[in-house]
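Coordinate inspection notes
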Amino acid sequence: METTSGLQSKVVRDLAWLIQAPPVLSEHAGMQLLALPDAAAERATQDWLVSLDQDPQELLSALGAQSGVRRLGFYAAALTQFWLENGPSWDTRRSLSAVPLSSGRSRITAGQLKLVCLRPREALHVESSVKFFADASSEEAPDLGTSSYVGPFLHENLAWRLAEARRKVTCTESLSVQDFLRRELGQVQLRSVYFLKGYIFKPLEEFRRFRKLRSPPKEVNPECSTGWYTTDISAALNLTPGARLAVLPKLFWLGPAVARGDPPVILGEDLPGQQEAVATDWPDKVRQDVEEHFGKVQSALLLCELMPSTDGLWVEHSRGFVLPPVWDPTSLMTGQPQGMKSTAEHEPSAPDAPSKWSNQRRKYSERLADTARQPAPSLADAGVHIAVPQRLSEDLTAQHLTSYVLAAKSAARKGDGSRIQRKRLLHGAVQESEAATPGSVCRLVSEALQQLVEVSHPSDSHFLLELLVKPSEVGLAVRDCSLTFEAQPCAARRILDLGIAGGVCLRLAVKFAFRFQFSWDSVDTASAASLFEAALASDRSRLAGLVEYLAACSSLTLPVGSELSTAILQKLALPPADFAVLDLLCQHSPEHTMELTDILVSHGQLKLARKIEARRGDGSAPRVAVHESPEELPEIRLPAEVEVSLISDGCGLDALLQHLAEAGESVVGMDAEWKPWEGRGSDRGGSPVQLLQLAWAEVVYLLDMPALVADAELKLVQLLEILCSPSCILVGFNLEGDLRQLADSYPWLMSGAWRSTIEAVEMSGTSASLDGLCASVLGLRLEKSQQRSRWDLRPLSAQQLAYAALDAWVLLALLGARDSHLELPSLRTLASLPYGHAKRFTRRLELDGGVCAVASTLASLSQGKALQALVREHRSQVVVCKTLACVATLAAGARRLCLAVLPESAEMSLAQLTSSLGCASARLASTEELREHFRQPPWRRTPS
């Protein structure tokens with residue numbers, strides 16, 4: 001536990017625990033157990049874990065590519081597989097996983113080969129599990145061996161788990177399995193091992209006296225990890241004085257918990273089921289929640305005790321199960337292997353008001369088992385019945401791809417799981433084919449698409465497209481994907497021609513061409529007009545694909561005022577409109593932005609209209625061809641002469657204020673960093689701004705906001721007042737979003753500094769991302785790997801500080817590149833755009849809601865300073881609110897418009913609202929009703 005708690009990343013701590021925790025079983029378990037060979041391997045593994053903790057992205061990507069990692073067993077299996085495939089001392093050349101097995105001649109699945117790793121001198125077959133057992137034995141009762149160790153949810157005893165392990169390990173005795181492994185891996189020696197990690201929980205009173213197991217059976221390792229269990233809530237909550245407590249979700253059950261922050265929380269990871277942090281609290285608060293839970297639901301909870309450490313963290317001290325009063329293990333204590341299951345007829349009725357954890361039962365707990373289950377059939381004569389081999393035994397052909405699409409389409413309709421196996425097979429074959437002959441995959445895809453024209457729907461080609469992307473990289477831009485393919489020009493041209501002709505979805509054809517890094521040819525105006533006329537007669541998807549195709553060819557121009565242009569805009573703007581397509585159109589034909597905005601408004605798509613209007617920018621054309629691959633571009637680096645200063649106290653702010661005073665009128669690049677909070681129902685207040693970046697051409701200041709709020713609040717308000725004044729032009733990418741986040745994070749600061757309008761330059765008008773803008777305007781690649789890192793932890797790493805500084809400073813270089821009068825000798829020259837030049841690109845930024853809008857109104861009433869003083873004096877009582885406009889229908893049928901003012905994090909159902917208003921019914925007011933009530937015109941634009 002000491003070793004793993006020093007690791008920062010939760011997934012790396014979980015992996016380290018799996019590797020380093022004592023095994024549950026001993027050498028007398030009747031199976032060979034997986035273990036590192038010697039002390040040198042243990043040291044190498046520890047060094048590997050420390051290195052992985054510094055950059056866990058490879059591990060996160062591998063886990064993200066696995067299915068089922070929302071469940072604890074699958075998550076642990078995925079971690080084990082990553083260790084065996086990538087860790088030192090194993091030297092794994094190739095692996096097979098999740099190979100389905102059937103019993104005897106039956107084709108019904110009875111198990112699987114969990115993992116087989118091909119090593120230099122052997123094929124290592126590994127069956128692994130993570131299990132938790134409660135020691136229900138007593139000194140007075142007869143010795144029941146491993147059957148006295150029972151699962152906390154009464155699903156099985158340890159004897160059953162051992163029988164299951166032996167059944168799975170012996171599957172390699174089957175001649176069918178051996179033949180399969182020889183075909184896949186060659187003639188190598190086969191070795192089967194078992195890997196079981198977990199905890200054995202002792203009665204709480206016994207755990208208080210000594211933590212080791214009392215006279216364990218010979219099959220159990222006496223040094224394995226232990227915890228406690230009890231049905232006495234009071235005893236569980238008062239085990240260790242001064243401890244904080246947390247109820248752990250299942251995906252937090254592996255490595256020892258570590259909490260940080262104020263109040264301390266156990267941070268998760270960017271993986272399914274782990275994004276939401278786990279709160280810790282003092283015993284009295286946890287007692288209320290646990291007692292409420294057991295008052296409504298009879299299911300166990302895993303409780304964790306944490307104690308403060310010398311480095312400011314809270315580290316796990318012990319863990320244990322709080323069991324419901326009805327918990328009775330006697331049905332499993334038979335002296336024999338015994339498994340149980342939960343049946344639907346025993347499902348208790350859902351409570352009217354579920355507890356904090358009962359409505360997420362499978363996330364935290366399980367129903368107690370109540371019915372015996374039968375042992376699974378033996379796998380000693382198992383057969384391997386898989387729809388496709390795990391490796392293609394011949395060269396990849398177009399027919400393989402065609403057959404895959406047709407089979408995948410059929411499997412998707414029938415729910416046949418063989419599609420996943422076929423996908424894995426061909427995904428590997430595609431990579432091998434491209435590695436052997438660059439450009440071959442492009443030719444094969446072209447031929448396969450031609451064959452599919454007559455027998456499938458145009459959109460079915462997406463099954464082929466998914467073969468060209470790693471599962472963990474689905475949805476990423478081409479530049480962010482690790483798999484690359486060369487274009488065979490004639491073949492890529494045929495794919496696009498099929499799309500233009502309608503044989504293949506044109507949007508998919510364009511994606512294929514991007515995937516193959518096709519060199520686009522321009523399209524003349526007459527040909528483009530002809531293509532648009534044909535697309536208008538077809539469906540909207542084809543028209544959207546044509547926009548993407550012409551944009552890639554740098555030929556997307558629409559004549560102003562023509563009937564053709566109006567018809568195109570009208571069709572693309574029909575609800576629900578695709579923002580990505582409309583954004584492309586505005587980038588390449590900015591003169592149509594206002595017309596498109598009006599059409600969207602007429603269709604009631606107001607949010608989309610506002611986003612499009614914000615894209616107006618200055619209409620500057622990209623300086624780098626749209627199709628150029630950013631992976632091949634050189635990386636942007638902050639010039640060596642630019643100073644970076646981290647400010648975390650009042651002295652640092654004094655230096656920054658002095659710099660502002662000496663600079664006079666300033667052009668300032670602004671950016672902000674915070675940890676995205678991804679839990680359901682979370683509000684922005686849960687993710688305060690952690691770092692505020694302010695950039696000048698010669699220096700970048702990085703403001704540690706939590707530290708400055710605590711140490712130099714008044715100076716911080718003074719700084720924000722200057723930044724919001726006319727003497728500063730703020731340059732940002734999604735600047736409005738950053739300012740709103742800053743205001744929501746620290747309302748007492750922004751309420752005193754905010755003005756009704758500020759001078760701003762919004763750089764997001766010509767690109768959907770900052771790295772995309774750098775590629776198109778500067779011809780350089782912006783590294784974004786630190787974007788979603790832990791900005792709430794201190795100290796920040798050197799990589800985070802470098803990323804933050806460059807993110808703000810590059811905005812100045814991008815603004816300088818907008819000035820057509822400037823040459824481009826260096827980024828430093830571009831970043832030095834004078835105030836007068838930058839003034840030509842500014843627009844007035846108005847925030848029409850939230851803290852800033854309230855501050856502006858109060859300032860107009862000369863109440864801003866009073867509010868600032870009031871908030872500073874009563875900060876603990878300040879609540880950021882939101883307003884809901886509602887229509888209440890009275891008993892007599894009359895309607896009344898009402899405003900409900902709620903704390904920003906609050907939730908209210910319409911039933912609660914109706915009850916609060918004492919009316920017959922209530923609903924949210926429509927946009928039209930609000931306009932009519934407040935006499936607002938249908939559409940109002942802020943003057944440029």
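Residues numbered from 1 in each chain as written. Predicted model: local features only at pLDDT ≥ 70, side-chain atom pairs only at ≥ 80, totals over all residues. Heavy atoms only, no water.

A word on the overall build of the chain
- Helix and strand content of the chain: 36 helices and 25 strands.
- Counting every position in the chain, which comprises 944 residues, the buried fraction comes to 51%.
- By sequence separation, contacts in the chain at least 24 residues apart represent 74% of the contacts at least 6 residues apart.
- Carbon and sulfur atoms provide 51% of the accessible area of the chain, an area that totals close to 43,200 Å². (Helix = DSSP H or I, 4+ residues; strand = E, 2+ residues; numbered from the N terminus. Buried < 20%, exposed > 50% of the residue type's maximum accessible area, 1.4 Å probe, protein only. Contact = heavy atoms within 4.5 Å. Areas by Shrake-Rupley, 256 points an atom, 1.4 Å probe, with all protein chains shown as cover.)

Points about the sheet that holds strand β16 (residues 643–647)
- What the seven strands build is an open sheet, ordered β16-β19-β18-β17-β20-β21-β22; its pairing is mixed. Of all strands in the sheet, those bounded by a partner on one side alone are β16 and β22 (843–845). Each strand of the sheet is rotated relative to its neighbour by a mean of 35°, with strand direction disregarded.
- Two strands pair when backbone bridges link them, and β16 and strand β19 (residues 699–704) are joined in this way by five bridges, in the parallel orientation. Of the residues in β19, the one forming a bridge with Leu646 is Leu702. (Pairing = 2+ DSSP bridges. Axes fitted to C-alpha atoms, helices over the stretch in contact; angles between N-to-C directions.)

Here's the deal with unusual backbone geometry
- Omega for the bond connecting Asp262 with Pro263 falls within 30 degrees of zero, at 0°, which places this linkage in the cis form.
- Among the secondary structure elements, Pro263 is positioned in the loop between β8 (258–259) and β9 (265–266).
- The amide bond that connects Arg794 to the next residue, Pro795, takes the cis arrangement and shows omega of 0°.
- When you line up the elements, Pro795 lands in the loop between α29 (770–777) and α30 (798–818).
- Positive phi is not limited to glycine here, since Leu154 has a value of about 65°.
- Its location among the elements puts Leu154 in the loop between β4 (149–150) and α6 (158–169).
- The exposure class assigned to Leu154 is buried, which follows from its relative accessible area of 5%.

Quick look at helix α10 (residues 283–296)
- For α10, which comprises 14 residues, the first-to-last C-alpha distance of 20 Å matches the rise-based estimate of 20 Å (1.5 Å per residue) to within 8%.
- Those residues of α10 that sit buried are Pro283, Val286, Asp289, Val290, His293 and Phe294. Down the axis, α10 shows its buried residues gathered within 130° of arc, on one side only. Facing away from the buried side of α10, by more than 90 degrees, are the exposed residues Asp284, Gln288 and Gly295.
- Elements in contact with the buried residues of α10: α9 (233–237), β7 (244–247), β11 (301–308) and β12 (314–322). (Expected span 1.5 Å × (residues − 1). Arc of directions from axis to C-beta.)

Section: the confidence of the model for the chain
- Confidence along the chain averages 81 in pLDDT terms, with 82% of residues attaining 70 or more.
- In the model, residues 344–353 has pLDDT below 50 throughout and makes eight contacts with residues more than four positions away in sequence or in other chains.
- Scored below 50 in pLDDT, residues 678–685 makes 13 contacts in the model with residues more than four places away or belonging to other chains. (pLDDT = per-residue confidence, 0-100.)

So, the packing of aromatic side chains
- Under the defined criterion, the tally for this structure stands at 21 aromatic pairs.
- Ring centres of Phe512 and Phe516 lie 6.5 Å apart, and the angle between their planes is 15°; on these two criteria the pair is classed as stacked. Both residues of the pair, Phe512 and Phe516, count as buried.
- Between the aromatic rings of Phe514 and Trp520, the centroid separation amounts to 5.3 Å while the plane-to-plane angle is 50°, which identifies the pairing as tilted.
- Judged by relative accessible area, which is 9%, Trp520 ranks as buried.
- Members of the aromatic cluster, connected to one another through ring pairs, are Trp17, Phe132, Phe153, Tyr199, Phe201, Trp253 and Phe321. (Phe/Tyr/Trp six-rings, centres within 6.5 Å; stacked < 30°, edge-to-face > 60°.)

Re the environment of Leu60
- Within the element layout of this structure, Leu60 appears in helix α4 (residues 57–64).
- The class for Leu60 is buried, based on a relative accessible area of 14%.
- Once residues lying within four places of it in the same chain are set aside, the contact partners of Leu60 are Val11, Glu269 and Leu271.

Details of the packing of helix α2 (residues 10–20) against α4
- Where α2 contacts α4, the axes come no closer than 10 Å and their chain directions differ by 80°. Taken together, the axes of α2 and α4 lie roughly perpendicular to each other. Within the contact between the two elements, α2 uses Val11, Val12 and Leu15 and α4 uses Leu59, Leu60 and Leu63.
- When the residues that make up the contact of α2 with α4 are grouped by side-chain class, the tally is six nonpolar, no polar and no charged. (Parallel < 35°, antiparallel > 145°, perpendicular 65-115°, else oblique. Nonpolar A, V, L, I, M, F, W, Y, C, P; charged D, E, K, R; others polar.)

Comments concerning the environment of Asp53
- As for its placement among the helices and strands, Asp53 is situated in helix α3 (residues 39–54).
- Residue Asp53 is classed as buried on the basis of its relative accessible area of 13%.
- Distance from Asp53 to Leu7, taken between C-alpha atoms, is 6.3 Å for residues 46 residues apart in sequence.
- With near-sequence residues (within four places) excluded, Asp53 lies in contact with Leu7, Gln8, Ser9 and Val12.

Details of the packing of helix α21 (residues 579–588) against helix α23 (residues 606–613)
- Orientation of α21 relative to α23, taken along the N-to-C sense of each, is 30°, at an axis distance of 10 Å. On the basis of the axis angle, α21 is roughly parallel to α23. As α21 packs across α23, the resulting crossing turns out to be right-handed. For the pair α21 and α23, contact is made by Phe579, Leu582, Asp583 and Cys586 and by Leu608, Lys611 and Ile612, respectively.
- For the contact of α21 with α23, the class distribution of residues is five nonpolar, no polar and two charged. (Left-handed = near helix turned anticlockwise from the far one by under 90°.)

Focus on the nonpolar core
- Counting residues in hydrophobic clusters, the biggest one holds 74 residues, and the most contacted among them are Leu464 and Tyr549.
- Per-element accounting of this core gives the leading share, eight residues, to helix α19 (residues 540–552).
- Ignoring any residue separated from it by four or fewer positions in sequence, one finds Leu464 in contact with Leu401, Val405, Val445, Ala448, Leu449, Leu452 and Phe512. (Core = buried A, V, L, I, M, F, W, Y, C linked by side-chain atoms within 4.5 Å.)

Comments concerning a nonpolar patch on the surface
- A contiguous nonpolar surface patch, about 250 Å² in accessible area, is contributed by Leu884, Leu910 and Leu924.
- Its place among the elements puts Leu884 in strand β23 (residues 881–889).
- By relative accessible area, Leu884 is classed as partly exposed at 31%. (Patch = residues over 30% accessible without salt bridge, like charges linked within 9 Å, V, L, I, M, F, W, Y side chains within 5 Å. Salt bridge = Lys/Arg side-chain N within 4 Å of Asp/Glu carboxyl O.)

Structural notes on the pairing of β7
- Residues Arg244 and Ala246 point to one face of β7 and Leu245 and Val247 to the other, with burial holding for every one of them.
- Sheet analysis places β7 next to β11, joined by four bridges and oriented antiparallel. Across the sheet, Ala246 pairs through a bridge with Cys304, a residue of β11.

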